[in-house]
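The chain contents come next:
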Amino acid sequence: MSIRTHLLLSYLGLILLLTLGMWAAAEWVMDKMTQGNLRFAEQGVMAITTADYQMAKQILTNYGEYIIEDKAQDVAHELAFVLGGRKTYNYEKLRRDPTIRKIAIQTIYTAQGPAGYTDLYDHNGYILFHPDPKVEGRNQLDWEKEYPQTTEMIKRSFKEDRVAGYYTFFDRDGKERKRYAVRIHVPGTPFIAAAIVNIDEYFLPTQEKMRKASAEIITQADQSIKQHSQKLERLAKIGGLIAGASFSLLAALFGLYFAASISGPLRRLQKGVKEVGEGNFAVAVPEKGVKEVVHLAQSFNRLGEQLVDYIAKRDFIRDTFGRYVTQEVVKRLLESEAALELGGETREVTILISDLRGFTALTADMEPEEVVTFLNRYLAKMIEILTDYHAVIDEIIGDGILAFFGAPEPMEDHPVQAVACALAMQAAMNEVNARNHADGLPHLEMGIAVNTGEVVVGNIGSEQRTKYSVVGSHVNLASRIEAYAVGGQVLIGPTTFLRVRDSIKVGETLMVKMKGVPGQTSLYEVLGIGEPYNIHLPERYETLTPVVAMIPVHLQRISEKIVIGETENAWITHLSETSAAIHLEGELGEWEDVRLFLLDESGREIPQRIFGKVTTVKAGAGNEKDVQIRFTSVAPEIYPIILKAIGRE
């Protein structure tokens, strides 16, 4: 063999060995990259699936809890309607009533079938209705050793109106599972309605569907990756025969690029899921990669857009609705569909009613725009204070406000809270009047009444127009108390007084007779309240001082804002900043509303008026009377005349 042939054969052998080595190397590299891509794709899909599992479990568990609570409330309400108000209960007769049994025992379903049931027992644990007839007639407490968790919830339900929670049990296969139970007292009866469900029935079927979907995505990704790998492997083998080294390098680079096309989008998608879990619903991921990954990215981005749209609409509704009803009512309506249902409940609340004194007369000569600005300045301050003290503003009628404390959310100290709020409102009138005086507007006086008692509170109206409000005799009583409150005064009823007397400073006590209330009622003037509120109204000079010369006045009797009588023979004999003693000839009764016109030296009426309420009447000779009047509204131009008459100018 010649050297040329030997070198040629050696060269050819070397090339052959190099080609075979590159071929084997390319095949090994492609196999490793394929396995790595498959593992990474599976990890990415499983990470997303795991996050979806948790999200689905949380959402569907909350949904299941809502369904169970709603079911328990429905059963309690229906049973209250059927059984409420009875003085005695025959358990055997109740069991034979198919209507009551149908209400008390209901099966709770999910889309896959039965998931739980409802039953009924009394406040001693005696089981009245149960899906298993063998259990009826027994006592829940008999199984305390076998089911301590359940028994603990049952014992709590004897004392609490609503009890909810989880407890564990073992199914027929010996697998530990959880049940969710809600126990609610049936109003007006000694019974407790319970709704019990296997909570995982709400999310296990969905998770199984998600698992199958994830498996399908992984299978499709595996097939796509393997198909791409086989194609690359064939190209690598052919290229290795032609240009082994160069093509092997190119194949490696292409393999790296292919891996990046899979792993990059999955990493970005995994990061996006994490940001959504942290509350960033506006996050979006690039829609790049293989078909399956692109579809996942598109679905994820659509979900983010829907969540952003939902949050924006929710915030808009909450902010807009909050201008018409209080935030407590907004929260209740947005968080529970049951809150929209018509109907109410009996609950103890404290009602606050305020009203400006003589507002109609003060604004009679104003332009409409000026009246609205004048009124809104006053209302803005009062509403701010009511909101700070967590009041529900029921109604604003002109210059009058009706608010209540203690609903929809319970408030243990609602009488104290209401009285403190009323004092804060009266104290704020100095600020309101300071701004009025600066703008040349009239001085305002406000009377406030506070009363505590049981009322019906809830959604009142129709399907087209509903209002969250209170009705009852104690609302009417508060309105009648307000009629006795003079400007700058806070009057409270006897029930409120008993609840707050250790915290307040009391002024005068009025014994009055009110329409619809038998006998006399004690009303208490509140001058201040101690810590933590520490609000005290400024003292007024109320001592009646004899005037040097009796002041003639023209007196008009007013009922329902209509003049029902006039007295021209009347003279002021004593005065203070807040009241006057008047000697007159004519008819006048206690607690009547009056309007006074002072007369100048020539006997003509001074245009500015004084409004007041008669507090005492003493009959004299003939038709003469000596009366005392408490001012409810005094025109600013009249104050200098009063101060001069009593020597305090």
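The preceding data block contains the structure.
Our subject in this report is the structure included herewith. Since we're looking at a predicted model, the values are computed, not measured. (Residues numbered from 1 in each chain as written. Predicted model: local features only at pLDDT ≥ 70, side-chain atom pairs only at ≥ 80, totals over all residues. Heavy atoms only, no water.)

**Some words on the overall build of the protein chain**
- When you go through the protein chain residue by residue, the secondary structure sums to 13 helices and 21 strands.
- Here the protein chain, with 649 residues, has 44% of them falling under the buried criterion.
- Long-range pairs, those at least 24 residues apart, make up 62% of the contacts in the protein chain between residues at least 6 apart in sequence. (Helix = DSSP H or I, 4+ residues; strand = E, 2+ residues; numbered from the N terminus. Buried < 20%, exposed > 50% of the residue type's maximum accessible area, 1.4 Å probe, protein only. Contact = heavy atoms within 4.5 Å.)

**Considering the side chain of histidine 414**
- Within the secondary structure layout, histidine 414 lies in helix H10 (residues 414–438).
- What makes histidine 414 buried here is its relative accessible area of 4%.
- Looking at histidine 414, its side chain comes within polar contact range of the side chain of glutamate 348, at 3.3 Å.
- Here histidine 414 is in contact with Glu348, Val349, Thr350, Phe405, Gly406, Thr452 and Arg499, once residues within four sequence places are set aside. (Polar contact = N/O pair within 3.5 Å; in protein donor to acceptor, adjacent residues only side chain to side chain.)

**Details of H10**
- The end-to-end C-alpha distance of H10 is 36 Å, a good match for the 36 Å that 25 residues give at a rise of 1.5 Å each.
- Of all the bends found along H10, the most pronounced is centred on alanine 428 and spans about 25 degrees.
- Counting buried residues in H10 gives 18 out of 25 residues, a clear majority hidden from the surface.
- Once H10 finishes, glycine 440 follows within two positions and takes phi at roughly 75 degrees, a positive value. (Expected span 1.5 Å × (residues − 1). Bend = angle between axes of the 7 residues up to and from the residue.)

**Comments concerning the pairing of strand E12 (residues 489–492)**
- Every second residue of E12 is oriented toward a common face, with Gln489 and Leu491 on one face and Val490 and Ile492 on the other, all of them buried.
- Bridge count between strand E10 (residues 446–461) and E12: four bridges; the pairing is parallel. Residue pairing in the sheet places glycine 447 in a bridge with glutamine 489 of E12.
- Summarising the sheet, E12 and strand E14 (residues 521–529) pair through two bridges and their orientation is antiparallel. When the sheet's bridge partners are listed, isoleucine 492 is paired in E14 with tyrosine 524. (Pairing = 2+ DSSP bridges.)

**Focus on the pattern of salt bridges**
- Using the criterion set out here, one finds 18 salt bridges in the structure.
- Among the ionic pairs, arginine 177 bridges to aspartate 200, the shortest N-O distance being 2.7 Å. Residue arginine 177 is located in strand E5 (residues 176–185), and its partner aspartate 200 is located in the loop between strand E6 (191–198) and helix H5 (204–277); the two are separated by 23 residues in the primary sequence. The exposure classification of arginine 177 matches that of aspartate 200, with both residues buried.
- The salt bridge partner of lysine 613 is aspartate 593, with a shortest N-O separation of 2.7 Å. Of the two residues, lysine 613 is situated in strand E20 (residues 605–619) and aspartate 593 in strand E19 (residues 593–599); the sequence distance between them amounts to 20 residues.
- On the accessibility criterion, lysine 613 (4% relative accessible area) is buried.
- A single network of salt bridges, built from pairs that share partners, joins Glu92, Arg95, Arg101 and Glu136. (Salt bridge = Lys/Arg side-chain N within 4 Å of Asp/Glu carboxyl O.)

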